[in-house]
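Remarks on the overall topology
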Amino acid sequence: MQIEADVRARQMMKRRLSPMKTQEWLWGYIFVAPLILGIAVFYMWPVIQTFYFSFTEWGAFNKYSWSGLKNYERLLQDKVLWGAFRNTLLFVVWSVPLTVIFSIIVAALLNQKVRGLTIYRTLYFLPVVTMPAAVSIVWKWLYNGDYGFINYILSFFHIKGPTWLSDPKFALYAVIVVAVWMAIGNNMIILLSGLQGISSSYYEAAELDGAGPFYKFFNITLPLLTPTIFFVMVMQLISAFQMFDLIFMMIGDKSIAIESAQTVVFIFYKYAFLDNAKGYASTIAIVLLFVILIITAIQMKLQKKWVHYE
């Protein structure tokens, strides 16, 4: 009899709690509804539209008609686009590792207790909040082949510097330097938060065993920082695949070096806004989206082998 009474009491309690749980779920959906609506309107719907437009051909007055797979067939034969893909991969291969490495070094240095630490952190973060147009103007002056500061410094060593942004051999690498310089500040902040989340007890135990600073950095700091490094790598890779602004403002579509420096997004801009080939531009955007998704999925799969979660 006592067991039956306990069962009935639990059932009565569940009935009383059920409306409360339903109310909690309802309020939860209400609170996340603005975020879900924003993602649906500003992210998901444009992706769906772009996918549809990739099967269309555009004419005058923004009129378009269904063209099937013609844009995708054109994409496979577009040598200029594949050259842009090569430039983009080159940009990614150079910029992402350099950005991550320098960001880790800067974050580790600025995690120390030194005088004027706030000033140093502010100086490294300044490029992040500076408009890309202003950054491009300054670096274009630095790279100027006739009176630029970089070539002026090289002249002291009897080296004649090239016209960095007009020479097809150097244009893309010159932009990579600027992109790395601009990205360090933002990644530094993220990595700093990861560094400050590492417990000091690990370092204290290592010091008791006589470990030096390099041993602590490579055997304690880096392994425990890998989740943050992984996040930075994923975000930096996605950003590198979408490089456009520096190419557009530092080199421009009239330069003789643009063919060796233009990225996939730059080609997308040319087809969409200069040639009015919005259907073909949508095809390029969809292909780039799938490339980024595939590479990100590979990163997510490989993280199990080197990312150490506490």
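Residues numbered from 1 in each chain as written. Predicted model: local features only at pLDDT ≥ 70, side-chain atom pairs only at ≥ 80, totals over all residues. Heavy atoms only, no water.

1. Things to note about the overall build of the protein chain
Scanning the protein chain for helices and strands turns up twelve helices and two strands. Computed over its C-alpha atoms, the radius of gyration of the protein chain comes to 27 Å, more than 25% above the 19 Å expected for a compact globule of 310 residues. Once the C-alpha set of the protein chain is aligned to its principal axes, its extents read approximately 100 × 70 × 35 Å. Looking at the 310 residues of the protein chain, the share that counts as buried comes to 35%. Of all intrachain contacts in the protein chain linking residues separated by at least 6 positions in sequence, the fraction that spans at least 24 positions is 67%. A total of about 20200 Å² of accessible surface is found on the protein chain, and carbon and sulfur atoms cover 69% of it. Positive and negative charge centroids in the protein chain, built from 24 and 16 side chains respectively, lie 4 Å apart. (Helix = DSSP H or I, 4+ residues; strand = E, 2+ residues; numbered from the N terminus. Rg over C-alpha atoms; globule rule 2.2 N^0.38 Å. Buried < 20%, exposed > 50% of the residue type's maximum accessible area, 1.4 Å probe, protein only. Contact = heavy atoms within 4.5 Å. Areas by Shrake-Rupley, 256 points an atom, 1.4 Å probe, with all protein chains shown as cover. Lys, Arg positive; Asp, Glu negative; His and termini not counted. Charge placed at Lys NZ, Arg CZ, Asp CG, Glu CD.)

2. Remarks on the packing of aromatic side chains
Considering all chains together, one arrives at 27 aromatic pairs under this definition. Summarising the aromatic geometry, the rings of Tyr52 and Phe53 are spaced 5.9 Å apart at their centres and angled 55 degrees between planes, so their arrangement reads as tilted. Considering the side-chain rings of Phe266 and Tyr269, the 6.2 Å spacing of their centres and the 55 degrees angle between planes classify their relative orientation as tilted. Pair noted here: Phe266 and Tyr269 are both in helix H11 (residues 264-274), with a separation of three residues, about one helical turn. Exposure remark for Phe266: the relative accessible area of 0% places this residue in the buried category. Taken together, the ring pairs connect Phe51, Tyr52, Phe53, Phe55, Trp58, Tyr64, Trp66 and Tyr72 into an aromatic cluster. (Phe/Tyr/Trp six-rings, centres within 6.5 Å; stacked < 30°, edge-to-face > 60°.)

3. A look at H11
Every buried residue belonging to H11 is among Val264, Val265, Phe266, Ile267, Tyr269, Tyr271 and Ala272, and all of these are buried. As for H11, its buried residues are in contact with helix H2 (70-77), helix H3 (79-109), helix H9 (213-241), helix H10 (245-251) and helix H12 (278-306). In the segment just after H11, Asn276 is the residue with positive phi, at about 60 degrees.

4. Side note on the layout of surface pockets
The volume enclosed by the largest pocket comes to roughly 690 Å³. Considering the residues around the largest pocket, the lining is formed by 19 residues, among which Ala108, Asn111, Gln112, Tyr203 and Thr221 are closest to the centre. Within the residue set of the lining of the largest pocket, elements represented by two or more residues are H3, helix H7 (171-196), helix H8 (200-208) and H9. A per-element tally of the lining of the largest pocket places H9 first, with six residues. Listed by contribution, the elements that provide at least two residues to the lining of the second largest pocket are helix H1 (2-53), H11 and H12. Considering each element in turn, the lining of the second largest pocket owes the most residues, eleven residues, to H12. Class assignment for the residues of the lining of the second largest pocket results in 19 nonpolar, four polar and one charged. (1 Å grid on protein atoms, 1.4 Å probe; cavity = no way out; pocket = protein on both sides within 12 Å on 5 of 7 lines; lining within 4 Å. Points joined across faces, edges and corners; volume = space filled by probe spheres on them. Nonpolar A, V, L, I, M, F, W, Y, C, P; charged D, E, K, R; others polar.)

5. Considerations on a nonpolar patch on the surface
A grouping of Trp25, Leu26, Trp27, Tyr29, Ile30, Phe31, Val32 and Ile36 is seen on the molecular surface, where their side chains present a nonpolar patch of about 930 Å² in accessible area. Summarising the element assignment, Ile30 is placed in helix H1. (Patch = residues over 30% accessible without salt bridge, like charges linked within 9 Å, V, L, I, M, F, W, Y side chains within 5 Å. Salt bridge = Lys/Arg side-chain N within 4 Å of Asp/Glu carboxyl O.)

6. Structural notes on the side chain of Ser260
On the secondary structure map, Ser260 appears in the loop between H10 and H11. Under the relative-accessibility criterion, Ser260 is labelled buried at 18%. Polar side-chain contacts of Ser260 include one of 3.1 Å to the backbone oxygen of Pro168. Leaving out residues up to four positions away in the same chain, Ser260 has contacts with Asn87, Pro168 and Leu172. (Polar contact = N/O pair within 3.5 Å; in protein donor to acceptor, adjacent residues only side chain to side chain.)

7. Overview of the confidence of the model for the protein chain
Overall, the prediction assigns the protein chain a mean pLDDT of 88, with 93% of residues at 70 or greater. By mean pLDDT, H1 is the weakest element of the protein chain at 75, and H3 is the strongest at 94. (pLDDT = per-residue confidence, 0-100.)

8. With respect to the packing of helix H5 (residues 132-143) against H7
Packing of H5 against H7 brings their axes to within 11 Å, and their N-to-C directions diverge by 135 degrees. As the angle between them shows, H5 and H7 are arranged oblique. As for how H5 packs across H7, the hand of that crossing is right-handed. Along the contact surface, H5 presents Pro132, Val135, Trp139 and Tyr143, while H7 presents Ala174, Val177, Val178, Trp181 and Met182. When its residues are assigned to classes, the contact of H5 with H7 shows nine nonpolar, no polar and no charged. (Axes fitted to C-alpha atoms, helices over the stretch in contact; angles between N-to-C directions. Parallel < 35°, antiparallel > 145°, perpendicular 65-115°, else oblique. Left-handed = near helix turned anticlockwise from the far one by under 90°.)

9. Quick look at the pattern of salt bridges
The final tally for this structure, using the stated rule, is one salt bridge. Glu207 is the salt-bridge partner of Lys216, the closest N and O atoms lying 3.0 Å from each other. On the basis of relative accessible area, Lys216 is assigned to the buried category, the value being 14%.

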